[in-house]
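Tertiary structure, described
The chain contents come next:
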Amino acid sequence: MCSPEESSLLRLEEVFSATLARINSLVLQPLVTGAPEPSDPRGRECLRLLQQLHKSSQCLWEVTEESLHSLRERLLHPDSKGLESLLLLRDADRVLQVYLEYIQSYTNCVVVQAFQKAGKRKSEYWRGQRKMLRQILSDVISEGTAGPVLAQALCQPLTHHVQKYVHLLLSLGDTVGECHPARKLVVHAATLFGSLQSFLRQALGQAEATQALWSTLSSRLRPVLCTPAHRLLQDSRDIPVTVSPLRAERVLLFDDALILLQGHHVHTFDLKLVWLDPGQDRNTFHVLTPEEEFSFCTKDPEDRVVWQWNVTQAVCQALRGKKDFPVLGARGLDSPEPPTCRCATYTFCREGRLCQATYEGEWCQGRPHGKGTLKWPDGQNHVGYFRQGLEHGFGICLVPQAAEDKFDCYKCHWREGSMCGYGICEYSTDEVYKGYFQEGLRHGFGVLESPLQAPHSYKYTGHWERDQRSGYGIGEDGDRGERYIGMWQADLHHGPGVVVTQAGICYQGSFQADKIVGSGVLLSEDDSLYEGTFTRDLTLMGKGKVTFPNGFTLEGSFGSGMGRGLQTQGVLDTAALPPDPSSTRKRQLGQGAFPVESRWQGVYNPFQDFVRAGCPQDLQESLLGFHVQSSRELRKSQEYLCCERTHPEDSKNRIEDILEELLQHRQPDMLQPYLKKALGSALHPLGKLLRTLMLTFQATYAGVGANKHLQGLAQEEVKQHAQELWAAYRALLQVALQRKGQAPEEEEDVETRDLHVHGVVLPLVLPSFYPELFTLYLLLHEREDGLYSQGIVNLSLFSDTKLLEFLDVQKHLWPLKDLTLTTNQRYSLVRDKCFLSATECLQKIITTVDPREKLQVLERTYGEIEATVSRVLGREHKLPMDDLLPLLIYVVSFLRIQHLGAEIHLIRDMMDPVHAGGLYDFLLTALESCYEHIQKEDMRLHHLPSRWNPRESW
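Residues numbered from 1 in each chain as written. Predicted model: local features only at pLDDT ≥ 70, side-chain atom pairs only at ≥ 80, totals over all residues. Heavy atoms only, no water.

**Concerning the overall build of the chain**
So the rule is basically this: Numbering of helices and strands runs from the N terminus; a helix is a DSSP stretch of H or I covering at least four residues, while a strand is a stretch of E covering at least two. Categorising residues by exposure relies on relative accessible area from a 1.4 Å probe, with only protein chains included: less than 20% of the type maximum marks a residue as buried, more than 50% marks it as exposed, and the intermediate range marks it as partly exposed. Throughout, a contact is declared for two residues whenever any of their heavy atoms are within 4.5 Å. Computed with the Shrake-Rupley method and a 1.4 Å probe, the accessible areas treat only the protein chains shown as cover for residues.
The number of helices and strands found in the chain is 28 helices and 27 strands. A buried classification covers 50% of the 954 residues belonging to the chain. Within the chain, contacts between residues at least 6 apart in sequence are counted, and of these 53% link residues at least 24 apart. By element, 51% of the accessible surface of the chain is carried by carbon and sulfur atoms, the whole surface being about 45300 Å².

And the structure:
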C-alpha cells in the first residue's frame, strides 16, 4: 500500500516536470535560437553557456520524467512494485549528478551575466512573456529588467523543488520502519538531497558574489579575470590582508586561483601549486608557490584564521578537481590539510634556466620533488627524479642539436641539478660515453667511443678530469691503426706511454702534448730493438742504438734525407754473440712506467665511496653503474623517455639482501661458491666491478693490443684485480657486520690476504680475462712452441717400443706384459700405445683455465705413470727424476698438446705462491724440462738431468 508521502512526491514531480517543460520551450529555447551568433568573444561565450544550460535542463526534465514514471508504476501496482523501485531511491546518486550539472551550468551563466546580455538582445520578447514568467515564479515579479527576471525564473523552481524533496523524503523516512528493506535507500536519498539543498545555497551565493565582483574592477582587469569557472571565495576588501613582499593592493581568492592585484598587473597562482606555512606569528602565514614566496598578514588573529581556512579549503577543492559535496563544515572549524606532496603541471615564467619550461609531475612545498618531466619549447626535456626543484637521481635528458632531428641523450644520475655519478650519453654525432660525471662534466672513469663506420673512428677507456682525458687511459685510433697505453693530460698524450701498432711495432717513451720527448724504446716485428730518440711517425732521429735479432748492433746518429730513406753515422758491431732471446724478443714494456696499483683507481674509487657511505641503496646505481641496452630510438622520439635499468625478477638484488646473503656464506667451504655466484651476477656490486675491469682489460689487450711485449703488463694487472676484488669483498663484509651491530673482522696480514687472493679469488676471476691473457702468452712463446711442435712431429715417427728405446726408458719399466695391468693399460698394448691412462689424464690440462686445477691434472698424470710402472714391476715403485722425465716426454709426445709452452708459463705465473718448493712446483718443473728437451734439434736425450727426488722437498 502506498503512503501519502508517495502521492505527494508524484504530484511534486508532475508539477516540476511541467515547469521544466515550459522553461525549456518558452525561456531557454528562445535564448539559444533565433538570433544571429554574436560577433564578440564575450557574447559567443555567453551563448555557449546558455546552450549548455539548455542541455542540462533537458537532462533534468528527462530524469524527472523517469522518476515520475517509477512513481506512477508504484501507485498502480503497490503489491509488485516496492519502494526500492522508485528511481529517486534506487538511483539517487545518478539523479543527484543531474541536479549538480544543472546547478553548475546555471551558476556559470550567473557569473558572466549571460542572462542580462540575453535579455538585452530580446527585450521586446521578454516584455511580452512577463505573464508566463509570473506563472512560473511563486513570488511577485517586480518591474525590473529582463535579466534578473530570467535568472529568477530559471532558479526559483529548482530551489523550491529541492526544498520540498527534502521535506517529503524526511517524512517518508519517518513512516518506514527500521526493518523495512527500503529503509537505507530512503535515508540515503534524504541525506543526499539535504546536502544538495545546502550546496545549492552555497553555489548561488558564490556565483552572485562573483558576479558582483566584476563591477568593482577596472575595465582592464575585468576581461582578464571574468571567466565562468571562477567563484569568489574571499575578497581582501571584506577582510583586509597585507601581502609582502609583493605589496598587493587587493587579494582575491577564487575556487581555482589566488589573485594578487598590483595596479594593472595581475599575479595568478594556481591553487594546486599553493602551499601554506603557518609560521610563528599569530597574525601571519606564509604562502609558497613554484616561483614566489610571500606572507599574508592581518590586523586580527581571527581574520588570519579566516583567510588561512579559506585558502586551505580552496586548495583541497582544487586538488580534488571539484567542489566539496556535501558542503564542508561551517567556517572556523578545522579544515582538512592539503597533501604536502602532490602532482601538477606548471610552466615557469621568470627568467632563469627554467624560463618557459613546463614541469609535469610530483611537487613538494612549491618545488618539483619526486618523479616528473621537464620540457622546454625548443624540444629539450628531462624525465626523471627531482629534489627541491633540481634534478636529483636517475634521469634521461634530451638536448636538441642544430641538425634536424638530432639530440644528445643523457641517461645519467644527477645531483642537485648537475650530472653526478654514472651515466650513459649518446651524442648526436653517434659517439657514446659510458662513465662517471661530476658537476655536469665527464669526470672519473669513462669510455668514449665513436661508431666503427665513422670517418675518424676512435675509442678512449680511462680517466677523465673536468671533461678532458687526464690520467691513465687507453686510446685507440682507427685511422692510424694504433693504440696508446699511458698517461694523458688535457686530452693529449702526456707522460710515459706505450704505443702498439697494427703492424706489430711497439714503442715506449715519454710524451709531452702529444709529442715524443727524450729517448725511448722501439721494438719492430722482427724483434729488432732500437733505444734512442725517434719521431711520432716512427722515424729514427738523433742518437740511438739498434740491436738486430742476430746480435749485431748499430750505434750512432740517425736521420732521414729527402727521398733517401734512413741515414745513419755510427759503428756496426758484428762480433757480438747472439743475444739472449729474453733481452729482445721477450722484452716487456710498461711495467715500470705505470705502477699496477694506480692504473685503474678510477674504477675502484666509486666502489670504495659506495662502501664508505655504508652501501646505501639509492647510491648503488650512481656509484656502481647500471646496465641497460643502448637504444638509438631514445634519441629519435620523446616518446621513449623511460629506461628499464634492472629486470623485475632481479628485484631481490637489493643491497640489504646482498649483505645478508654475504653474512650467511662466510665459512671457508661456502666462501668460494658464494663469490663465484656474486662475481657472475651483473647486479651484484662485485659482479659490476668485475665487468668494468673486464672492459678495461679488453680495451687494453684485445685487437691491436694483442702484442707479446705487453704480456707482463697484463699478467700483473690480473693479479692486482684479484687482490682488489678480495679487498672489495672484505669491505662489503665489514658493512654487513656493522649493519647487524656485530664487531668488525680484524685486519688481515699480508700472508692471509695472499692466501685468499691466490687460492680463492684468482681462480674465479681468471676466466674473465683468460682469452686476452692467453693470447699474449701464445704470442710471447710462439717461437718455442713452434720448435716444440716440430719436435712432437719428429717423435711421432717412432712406434711405441722404438720411442721408449729412443728415450732411454729402462726396459724393465716397459709395460709389455698385461698380467697386472688395468683395462686401459691392456687396451693400450693392443693399440700399440703405452701409458694411455696417463695420456688421457694429461689431456684434461687444456679443459680448465684454473692454474690449480691444471696442477692437479699434472699430479694425477704423474700418479697414473707411477701406477703403471708399479703394476709392471709388481710392486710399489717411486720414480726418480731420471726415470720420470723420459716417461713424461713419452706421454706428452703422444698427447700433442698445442701451445704447451704458453700453458706452462701461464701456470707458473699464476700459480699460488704457497706451492713454491712443493710437489706442484716439482711436477711443473718436470713438465718444463720435458718441454725444453722436446725442442732440441737432435732429440737424443741420453743424459737427462736428475735434480730432485720426486718425494723430497715438500
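Once you've had a look at it, read on.
**A word on the environment of Val432**
Inspection of the secondary structure puts Val432 in strand 16 (residues 432-438). Measuring from C-alpha to C-alpha, the distance between Val432 and Leu448 comes to 5.7 Å, with 16 residues separating the pair along the chain.

**Some points on the pattern of salt bridges**
Note the cut-off: Only one rule defines a salt bridge in this text: a Lys or Arg side-chain nitrogen within 4 Å of an Asp or Glu carboxyl oxygen.
Applying the stated criterion across every chain yields a total of 35 salt bridges. Between Arg48 and Glu45 there is a salt bridge; the shortest N-O distance is 2.8 Å. With a gap of three residues between them, Arg48 and Glu45 both fall in helix 2 (residues 41-76), about one helical turn apart. What makes Arg48 partly exposed here is its relative accessible area of 43%. Judged by relative accessible area, Glu45 falls into the partly exposed class, the value being 22%. Here Asp921 ties to Arg908 by a salt bridge, and the two come within 2.8 Å at their closest N and O atoms. Note that Asp921 is positioned in helix 28 (residues 919-935) and Arg908 in helix 27 (residues 900-910), a separation of 13 residues in sequence. Residue Asp921 is classed as buried on the basis of its relative accessible area of 17%.

**Re the packing of aromatic side chains**
Here is the rule: Any pair of Phe, Tyr and Trp rings, taking the six-membered ring for Trp, is counted once the centres come within 6.5 Å. Such a pair is stacked with planes under 30 degrees apart, edge-to-face with planes over 60 apart, and tilted for the rest. Here, a charge over a ring is recorded when the distance from Lys NZ or Arg CZ to the ring centre is within 6 Å and its angle to the ring normal is within 35 degrees.
Under the criterion given, the structure shown has 34 aromatic pairs. Aromatic side chains Tyr770 and Phe774 sit 5.3 Å apart centroid to centroid with 10° between the ring planes, which places their arrangement in the stacked category. Taken as a pair, Tyr770 and Phe774 lie in helix 20 (residues 750-780) at a separation of four residues, close to a single helical turn. One aromatic cluster is present, built from ring pairs that chain together Tyr433, Phe437, Tyr460, Trp464, Tyr484, Trp488 and Phe511. Above the ring of Trp275, the side-chain terminus of Arg342 is found at 4.1 Å from the ring centroid. Just above the ring of Tyr433 sits the side chain of Arg442; from NZ or CZ to the centre is 5.6 Å.

**Some thoughts on unusual backbone geometry**
Residues Ser244 and Pro245 are joined by a peptide bond in cis, for which omega reads 5°. Structurally, the position occupied by Pro245 is in the loop between strand 2 (242-244) and strand 3 (250-254). Its identity as a non-glycine residue notwithstanding, Gln388 has a phi of 50°, on the positive side. Mapped onto the elements, Gln388 comes out in the loop between strand 12 (381-387) and strand 13 (390-400). The phi angle at Asp527 is positive, at roughly 75°, despite the residue not being glycine.

**Some thoughts on the environment of Ser3**
Take Ser3: it is sitting in the segment before helix 1 (4-32). When the C-alpha positions of Ser3 and Thr175 are compared, they lie 8.1 Å apart, and in sequence the two are 172 residues distant.

**Thoughts on the sheet that holds strand 7 (residues 284-288)**
The condition that has to hold: Here, any two strands with at least 2 DSSP bridges between them count as paired. Each axis is a line fitted through C-alpha atoms, and for a helix only the stretch in contact is used; angles between axes span 0 to 180 degrees, taken between their N-to-C directions.
With respect to topology, four strands assemble into an open sheet ordered 2-8-7-6, the strand pairing being antiparallel. The sheet is open, and its two borders are formed by strand 2 and strand 6 (275-277), each paired with just one other strand. Neighbour-to-neighbour, the strand axes of the sheet open up by a mean angle of 30°, direction not taken into account. Looking at chain direction, strand 2 and strand 8 (residues 293-297) are connected through three bridges and run antiparallel.

**Some remarks on the confidence of the model for the chain**
Spelled out, the test is: Every residue is assigned a pLDDT by the predictor, reflecting its confidence on a scale from 0 to 100.
Taken over all residues, the pLDDT of the chain has a mean of 85, while the share at 70 or more is 87%. Mean pLDDT across the secondary structure elements of the chain bottoms out at helix 15 (residues 633-636), with 42, and peaks at strand 18 (residues 458-465), with 96. Scored below 50 in pLDDT, residues 647-651 makes one contact in the model with residues more than four places away or belonging to other chains. Scored below 50 in pLDDT, residues 940-954 shows 37 contacts in the model against residues more than four places distant or in partner chains.

**Some words on helix 28**
How we decide: What a helix should span is 1.5 Å times the count of its residues minus one.
Look at helix 28: 25 Å from first C-alpha to last across 17 residues, which is about the 24 Å you get at 1.5 Å a residue. For helix 28, the buried fraction is high: 15 of the 17 residues fall into the buried class.

**Notes on the packing of helix 18 (residues 685-701) against helix 19 (residues 711-739)**
Between two packed helices, both the angle of their axes relative to each other and the distance between the axes serve to describe the pair. Rules: To sort the angles, those under 35 degrees are grouped as roughly parallel, those over 145 as roughly antiparallel, those from 65 to 115 as roughly perpendicular, and the leftovers as oblique. Crossing handedness is defined as follows: a turn of the near helix away from the far one that is anticlockwise and smaller than a right angle gives a left-handed crossing, while the clockwise case is right-handed. When residues are grouped by polarity, Ala, Val, Leu, Ile, Met, Phe, Trp, Tyr, Cys and Pro land in nonpolar, Asp, Glu, Lys and Arg in charged, and all others, Gly among them, in polar.
Between helix 18 and helix 19, the least distance of the axes is 11 Å, while the angle of their chain directions is 165°. The angle between helix 18 and helix 19 falls in the class roughly antiparallel. Of the two possible hands of crossing, helix 18 and helix 19 adopt the one that is right-handed. For the pair formed by helix 18 and helix 19, the contact residues are Pro685, Leu686, Leu689, Leu690, Leu693, Thr696, Phe697 and Tyr701 on the first element and Leu713, Ala714, Glu717, Val718, His721, Leu725, Ala728, Tyr729 and Leu732 on the second. Grouping the amino acids of the contact of helix 18 with helix 19 by side-chain chemistry returns 14 nonpolar, two polar and one charged.

**Details of the side chain of Arg469**
Looking at the element boundaries, Arg469 is found in strand 19 (residues 468-477). The residues contacting Arg469, other than those within four sequence positions of it, are Tyr460, His463, Trp464, Trp488, Gln489, Ala490 and Asp491.

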